[in-house]
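Now for the letters of each chain:
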Amino acid sequence: MLDTNTEDGYTTADGRKIGGVAMELRNITLRFGGVVAIKDISFDIRWGEIRAIIGPNGAGKSSMLNVISGFYHPQEGEVIYKGYRRPRMRPYQVARQGIARTFQNIALFEGMSVLDNIMTGRLHHMKANIFQQALWWGKAQREEQENREQVEKIIDFLEIQHIRKTPVARLPYGLKKRVELARALAAEPSILLLDEPMAGMNVEEKEDMCRFILDVNDEFNTTTVLIEHDMGVVMDLSDRVVVMDYGKKIGDGTPDEVRGNEEVIKAYLGVSHD
Amino acid sequence: MSATAATNSVPAELCSVPALLARNARQYPLNPAYREKEFGIWQSWTWAETQDEVRAMALGFLVLGMQQGDYVAIIGRNRPALYWSMVAAQSVGAIPVPLYQDAVAEEMAYVLDHCGARFVVCGDQEQVDKVLEVQEKVKCIEEILYLDKRGMRKYDHTHMNWLEDAMREGRAAETRLGAELEKRIAALGWDDTCVMLYTSGTTGKPKGVVLSNRNIIITSKNSSEFDHLKPGDEILAYLPMAWVGDFIFAIGQAYWTGFCVNCPESAQTMLTDLREIGPTYYFAPPRIFENMLTTVMIRMEDASPLKRRLFHYFMEQARKTGPKLLDGKPVGFGDKLKYALGNLLVYGPLKDTLGLRRIRVAYTAGEAIGPEIFEFYRSLGINLKQLYGQTEASVFITQQPDGEVRNDTVGVPSPGVEVRIAENGEVFYRSPGTFESYYKNPESTASTKDPEGWVATGDAGFFEEGSGHLRIIDRAKDVGKMADGGMFAPKYVENKLKFFPNILEAVVFGNDRDRCVAFINIDLSAVGSWAERNNIAYSSYQELAGLKRVLDTIQEHVETVNESVAQDEMLAGCQIHRFLVLHKELDADDGEMTRTRKVRRRIVEEKFADLIDALYGGKDSIYTETEVTYEDGRKGKLKATLEIRDARVFGQVAAKVAAQ
């Protein structure tokens, strides 16, 4: 049983220290017209943990992720991030909050090389003005070098050196996913959101991706929130799991707790009404 | 030349690799010794820096309690730090044992247990995991060191160290242990073991080949002088570190001559890195040259008609004049002019793209290389030569001198090597590079190496009249007899088959039988590209291999080979009567090939016994199930129905078959 109430966090089974609350979602309700996508959900995300959101199709997982990222602004409830209540923001402001994400449907610049795609992730680390950029002089040059160095570290980390200069359009699906992760990492996020990072992958690619997610968490201590359908993956990877069904939270806890939760079993397997 | 006489030509103080390192650091302190591409940039280390790093590592090993005579296993891809760890181990008097990094855990377990490795140096987490898995059975391992820190934080580090940490501790212990290290380096002599390499072995368990400092250093000296290697040469180290060739090129010759060893960024970037470095001295097995040529040809097919015509015109020209120019034979002025123009328009850019522009000496060995492939590179003006060697000889037995290069021979005996042919045709040699013994295996040592130092190669061959070049026919034990008493040399036929780009691998059977049959593996990239160009859809290797049009093409190839085999009176019986295209690629993970990608004939024969029976039976097709091992070690089953084809045979044999 986890003690999630103390400010100091908890220690996982494999000995990692999980910190205090990074983000708290309080009574979130999100509506699209008459459709209620998320109904009165509360949970928290702690520094350094891998937090999974699972649920059947249409449960509102991706909407939840969009609320966390600040892309959707819930009609009710509040998001407390780094101790402050978060106001309504524009997407670029969201990005500067230190939250980076990958998408369910790959959203890369297909015509650009892998390197350039990842460099775009560093955009808000570049402060030089347009004239310096155009002349590639002074600050612009210095910045580009620093950013390239960071990007190269990520390329090395994700083992994609061999496709550094390849246009993204020519890559297979599994590698595109990895490039997307690289771009998200390039922003040096404090919270990383992964929307179905393993959808459509074969077993080997999934294993690689799992290893990368764990390594990212281990190496950079990045707080990770992920949505995933593959139950095996979720249970292996995550420290805590939120289970959603029809916009409601029906379970929250460690993988083992969730696995034993009757509501969850009902939502996933269904029960006979006799 | 006897072994001791050979060492007389080398100053006695240069009797170990650490000693050579010290000399290089003195003589060429600022020359680059190692380069590695990391984070997209080539990082380099001079000889002086290399010495400093190796010293720190050696001191680190001392801190961890490495003893003289300890065995240190090294597992990982080619990286400077792993090469240094070998030299560092030698410095403290231990013996480096590089292992194949793609070996599965059980193979690794056998070797680690056999040499009793106390220390293991791993490249990354993947290798550490394998060693930890093995450690349940192999109790001798005491300390694990690793190079790449990624993912390693959570491991139990009581007997595990990051290499960098060990080096830091080593540096700190300089005052305490420096003198001890000096003493250990000074104690190294000609007869001490330089390295132990496990032969992959086409049959049975791997054997540990013990090579002394004399073996390695004298061989490196002789071969470096043979090809006039010099400081300032560049090589790309990309072949497995466990292979004797890599040890000789990247350690022996590099330290003797003082040239620079470049390590690629990752295995997949090898070709890009080759291009960036532009090595002057290069070694590749025929497979790599074949792949490069296939890629060029595929890309030329997609080029514009003008480019294609230019390419073919000038390549034709190159075939005529290129090899002659390379051998220094007289060539007419007009031809020279055309070649120069071709060089400007085609050969130069092509060599540049392949990264072979600066090559002075290139070698291929291990397998026979197709005449067209060999010619192609020679005609571009690349000095590609063949050598014949084995682990037990510290590589070199024979090699081709400049100007006497031909496709069908393996050259003249290397300097200091004596070669003789036994009555049954088996090749024997004796040289300063001849190995000391097989580790913990006196029986094998005795049966391979006689008291006078002659070593049986296991290959059958003969010296050509006139030129004095050695020609290898086949493995001596594979050369068999057909039921009618005719000679059966499978490799000879297989090589002819493999020269077709569409055929990746072939296994011919026929020993003690009345006729020969064959298994064929198609080359996925060549046949796949053909299928793409002809709008033929396929979803897997298996499906592609079973297509009728593919089988037709392969049948044509087989018949062409039969026709050429029929020319040779002695081997006319080896024509292929029936064949099938296998539903899976022969793979080292399934034990069908060695890690150096040589077919394990016996295992293939046992595993696919049902298919062989079908080939000798009369059926047109056969249903089969095969167990395969996936990369993560799980097993699965592959089911297929294979079509069996009859091939036309030529000459006397055909007459005999007709008479039956």
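Residues numbered from 1 in each chain as written. Chains lettered and ligands numbered in written order. Predicted model: local features only at pLDDT ≥ 70, side-chain atom pairs only at ≥ 80, totals over all residues.

## Focus: the overall build of chain B
Looking only at helices and strands, one finds 23 helices and 28 strands in chain B. In terms of overall dimensions, chain B is globule-like: its C-alpha atoms have a radius of gyration of 26 Å, near the 26 Å expected for 660 residues. Evaluated residue by residue, chain B yields a buried proportion of 47% over its 660 residues. (Helix = DSSP H or I, 4+ residues; strand = E, 2+ residues; numbered from the N terminus. Rg over C-alpha atoms; globule rule 2.2 N^0.38 Å. Buried ≥ 20, exposed ≤ 12 C-beta atoms within 10 Å, placed from the backbone.)

## Quick word on the overall build of chain A
On a plain count of helices and strands, chain A comes out with ten helices and twelve strands. Compactness check: chain A gives a C-alpha radius of gyration of 19 Å against a globular reference of 19 Å for 274 residues, within 12% of the reference. With respect to the principal axes defined by its C-alpha atoms, chain A has extents near 75 × 40 × 40 Å. Buried positions account for 37% of the 274 residues belonging to chain A. When contacts within chain A are restricted to residue pairs at least 6 apart in sequence, those whose partners lie at least 24 apart make up 68%. (Contact = placed C-beta atoms within 7 Å.)

## Here's the deal with the packing of helix α3 (residues 47-63) of chain B against helix α4 (residues 80-91) of chain B
Residues and elements named next belong to chain B. Contact geometry of α3 with α4 gives a least axis separation of 8 Å together with a crossing angle of 60°. If you check the angle between α3 and α4, you find them oblique. With respect to the hand of their crossing, α3 and α4 are arranged in right-handed fashion. Within the contact between the two elements, α3 uses Thr50, Glu53, Val54, Met57, Ala58 and Phe61 and α4 uses Trp84, Ser85, Val87, Ala88, Ala89 and Ser91. When grouped by side-chain class, the residues that make up the contact of α3 with α4 number eight nonpolar, three polar and one charged. (Axes fitted to C-alpha atoms, helices over the stretch in contact; angles between N-to-C directions. Parallel < 35°, antiparallel > 145°, perpendicular 65-115°, else oblique. Left-handed = near helix turned anticlockwise from the far one by under 90°. Nonpolar A, V, L, I, M, F, W, Y, C, P; charged D, E, K, R; others polar.)

## Thoughts on the domain arrangement of chain A
Where interface size is given, it is often the accessible area lost as the parts come together that is meant. All names here are of chain A. Taken as a whole, chain A is organised into domain 1 (1-95 + 223-274) and domain 2 (99-188). Taking only C-alpha atoms, the centre of domain 1 and the centre of domain 2 are 29 Å apart. Tallying the contact residues gives five residues for domain 1 and four residues for domain 2. Going through the elements one at a time, α1 (61-69) and α2 (91-96) are the ones with two or more residues in the side of domain 1 that touches domain 2. (Domains from an automatic or database assignment.)

## Section: the sheet that holds strand β18 (residues 426-430) of chain B
Residue and element names in this part refer to chain B. Strand order in the open sheet made by the four strands is β17-β18-β20-β21, with antiparallel pairing throughout. Of all the strands in the sheet, the pair left with one neighbour each is β17 (418-421) and β21 (470-475). Pairwise comparison of adjacent strand axes, ignoring direction, gives a mean angle of 50° for this sheet. Inspection of the sheet shows β18 paired to strand β20 (residues 455-463) by three bridges, in the antiparallel sense. The partner of Phe428 across the bridge, within β20, is Ala456. (Pairing = 2+ DSSP bridges.)

## As for the sheet that holds strand β7 (residues 84-85) of chain A
Pairing between the strands of a sheet is mediated by backbone hydrogen bonds and can be parallel or antiparallel. Residue and element names in this part refer to chain A. The four strands lie next to each other as β4-β3-β6-β7, forming an open sheet whose pairing is antiparallel. Single-partner strands in this sheet number two, and they are β4 (35-46) and β7. Direction of pairing for strand β3 (residues 21-32) relative to β4: antiparallel, over a ladder of eight bridges. By the bridge assignment, Phe32 is partnered in β4 with Val35.

## Points about the nonpolar core
Residue and element names in this part refer to chain B. Val72, Ala73, Ile74, Val97 and Leu99 are the most contacted members of the largest nonpolar core, which totals 137 residues. Here the element with the most residues in this core is helix α10 (residues 244-258); it accounts for nine residues. Non-local contacts of Val97, meaning those with residues more than four positions away in its chain, are made with Tyr71, Val72, Ala73, Ile74, Cys115, Ala117 and Met196. (Core = buried A, V, L, I, M, F, W, Y, C linked by C-beta atoms within 7 Å.)

## Let's talk about the domain arrangement of chain B
All names here are of chain B. Once the domains are mapped, chain B shows domain 1 (3-280), domain 2 (286-357 + 359-475) and domain 3 (480-659). Here the C-alpha centroids of domain 2 and domain 3 sit 26 Å apart. Where the side of domain 2 that touches domain 3 is concerned, the elements lending two or more residues are α12 (286-301), α15 (371-379) and β21. Broken down by element, the residue count for the side of domain 2 that touches domain 3 peaks at four residues, all from α12.

## Thoughts on the packing of helix α13 (residues 305-327) of chain B against α15(B)
Residues and elements named next belong to chain B. Closest axis-to-axis distance for the α13/α15 pair is 8 Å, and the angle between their directions is 70°. Regarding the angle of α13 to α15, the classification is roughly perpendicular. Our pair here, α13 against α15, has a crossing hand that is left-handed. Contacts from Ala318, Arg319, Gly322, Pro323 and Leu326 in α13 reach Glu375, Arg378 and Ser379 in α15. Within the contact of α13 with α15, the residues separate by chemical class into three nonpolar, two polar and three charged.

## Description of unusual backbone geometry
Positioned with a positive phi, A:Asp40 is a non-glycine residue whose angle comes to about 50°. Tracing the backbone shows A:Asp40 in strand β4. Given 14 C-beta atoms within 10 Å, A:Asp40 falls into the partly exposed group. Here the phi dihedral of B:Ser394 falls at roughly 55°; this positive angle occurs in a residue that is not glycine. Its 33 C-beta neighbours within 10 Å are what place B:Ser394 among the buried residues.

## Structural notes on the environment of B:Val427
Residues and elements named next belong to chain B. Inspection of the secondary structure puts Val427 in strand β18. A sequence separation of 366 residues divides Val427 from Phe61, and the C-alpha atoms of the two residues are 42 Å apart. If sequence neighbours within four positions are ignored, Val427 has contacts with Val419, Ile421, Thr457, Asp459 and Gly461.

## A short note on the interface of chain A and chain B
The interface is formed by 16 residues belonging to chain A together with twelve residues belonging to chain B. Elements supplying a minimum of two residues to the side of chain A that touches chain B: α5 (139-157) and α7 (203-220) of chain A. Residue composition of the side of chain A that touches chain B, by class: one nonpolar, three polar and twelve charged.

## So, helix α11 (residues 270-277) of chain B
Residue and element names in this part refer to chain B. Where α11 is concerned, the buried positions are Asp273, Leu274 and Ile277. Taken end-on, α11 shows its buried residues confined to a sector of 105°, consistent with a single buried face. Buried residues in α11 make contact with β1 (32-38), β10 (234-236) and β11 (260-263). (Arc of directions from axis to C-beta.)

## Some details on the confidence of the model for chain B
All names here are of chain B. Within chain B, residue pLDDT values average 89, and 96% of them lie at 70 or more. Within chain B, the lowest mean pLDDT, 48, falls on helix α23 (residues 651-659), and the highest, 97, falls on α3. Segment residues 653-660: pLDDT under 50, and five contacts once partners within four positions in sequence are set aside and those in other chains are kept. Both confidence scores are given for the complex: pTM 0.81, ipTM 0.77. (pLDDT = per-residue confidence, 0-100.)

## Some details on the pairing of strand β4 (residues 95-99) of chain B
In terms of burial, β4(B) is a largely internal element, five of the five residues being buried. Of the crossover connections in this fold, the one passing from strand β3 (residues 71-75) of chain B over α4(B) to the parallel β4(B) is right-handed. (Right-handed = clockwise from strand over helix to strand, strands pointing away.)

## Observations regarding the confidence of the model for chain A
Residues and elements named next belong to chain A. Put simply, chain A has an average pLDDT of 86, and 95% of its residues get 70 or more. The lowest-confidence element of chain A is α2, averaging 76 in pLDDT; the highest-confidence one is helix α3 (residues 114-120), averaging 94. Confidence drops under pLDDT 50 across residues 1-6; counting only partners more than four residues distant or on other chains, this segment forms four contacts.

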